[in-house]
Amino acid sequence: MKLTGQETLPVSQAQAWEALNDAALLQASISGCESLTLIGEHEFEALMTVAIGPVKAKFKGKLKLADLQPPESYSLAFEGSGGAAGHGKGTAQVRLEPQGPSQTLLHYEVQASVGGKIAQIGSRLVDMAAQKMAGDFFSAFNTALQARYGVAAAAPVPAEDGADEVEKKSLFQRVLDWYLGWLGRVFTGKV
């Protein structure tokens, strides 16, 4: 599965980079994340509890950052297992584009695969759960950025009249939702 998207962050590029590399801030922003521990240079171990449809499990996994180009971009590789619930692995590219002194556009591209019970649930249900998780993550992450840096939230872009809720989310938001959901499942062993 391949997902791409973008999200506007209400901070400078340097501040966004710092926040995206702060394990405590990320753990607080990821719903169901019980721990995100640095275990080596740019390598983390995570434990998450995730529910997708009828499947709820703890995922344990690893996340490794590579190709770091501060404060512009990095790539990451992730893998995790949720025991009988399944497993997953993938890669992501993250790029930060300054949009002025106090706004940054975060671009991402994710390629991932899942197996086990989670894969049997169906891609539509998995995608919807991932979208919700990504939305929850960015909401919490932006709130944390505002608290840390004392900034106002980025104004949401209004959807066209008559657009349903799914269409109101940016492609980035939907992809991030999916990715974070998958990552949560991977790290809690629910994949």
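For the structure, check the block above.
Parameters at a glance
- Residues numbered from 1 in each chain as written.
- Predicted model: local features only at pLDDT ≥ 70, side-chain atom pairs only at ≥ 80, totals over all residues.
- Heavy atoms only, no water.
- Helix = DSSP H or I, 4+ residues; strand = E, 2+ residues; numbered from the N terminus.
- Contact = heavy atoms within 4.5 Å.
- Salt bridge = Lys/Arg side-chain N within 4 Å of Asp/Glu carboxyl O.
- Buried < 20%, exposed > 50% of the residue type's maximum accessible area, 1.4 Å probe, protein only.
- Phe/Tyr/Trp six-rings, centres within 6.5 Å; stacked < 30°, edge-to-face > 60°.
- Pairing = 2+ DSSP bridges.
- Axes fitted to C-alpha atoms, helices over the stretch in contact; angles between N-to-C directions.

(A) Representation of the side chain of Asn142 within the structure. Inspection of the secondary structure assignment puts Asn142 in helix H4 (residues 123-149). Residue contacts for Asn142: discarding those within four places in its chain leaves Glu7, Thr8, Leu9 and Pro10.

(B) Looking closely at the pattern of salt bridges. Counted by the stated rule, this structure contains 5 salt bridges. As a salt-bridge pair, Glu34 and Lys58 come within 2.5 Å of each other at their nearest N and O atoms. Taken as a pair, Glu34 in strand E2 (residues 33-40) and Lys58 in strand E4 (residues 55-69) lie far apart in primary sequence, 24 residues in all. According to the relative accessible area criterion, Glu34 is partly exposed, its value standing at 35%. One salt bridge in this structure joins Glu97 and Arg95, with 3.7 Å as the shortest N-O distance.

(C) Region of interest: the packing of aromatic side chains. Counted under the stated rule, the structure contains 3 aromatic pairs. With 5.4 Å between their ring centres and 75 degrees between their planes, Trp17 and Tyr74 make a pair best called edge-to-face. With a gap of 57 residues between them, Trp17 in helix H1 (residues 13-20) and Tyr74 in strand E5 (residues 73-81) connect regions that are remote in the sequence. Ring plane angle 70 degrees and centroid distance 5.1 Å describe the contact between Phe137 and Phe138, whose orientation is recorded as edge-to-face. The same class applies to Phe137 as to Phe138, namely buried. Cluster of aromatic residues (ring-pair linked, three or more members): Phe137, Phe138 and Phe141.

(D) The sheet that holds strand E6 (residues 87-98), seen in detail. The sheet built from 7 strands is open, its strands ordered E1-E7-E6-E5-E4-E3-E2 with antiparallel pairing. Here the strands that pair on one side only, and so sit at the sheet edges, are strand E1 (2-9) and E2. Mean inter-strand twist for the sheet, computed between neighbouring axes without regard to direction, equals 25 degrees. As defined by bridge partners, E5 adjoins E6 across 9 bridges and the pair is classed as antiparallel. In the strand pairing of E6, Glu79 is matched with Lys89.

Purely spatial values, then, with no claim about function.
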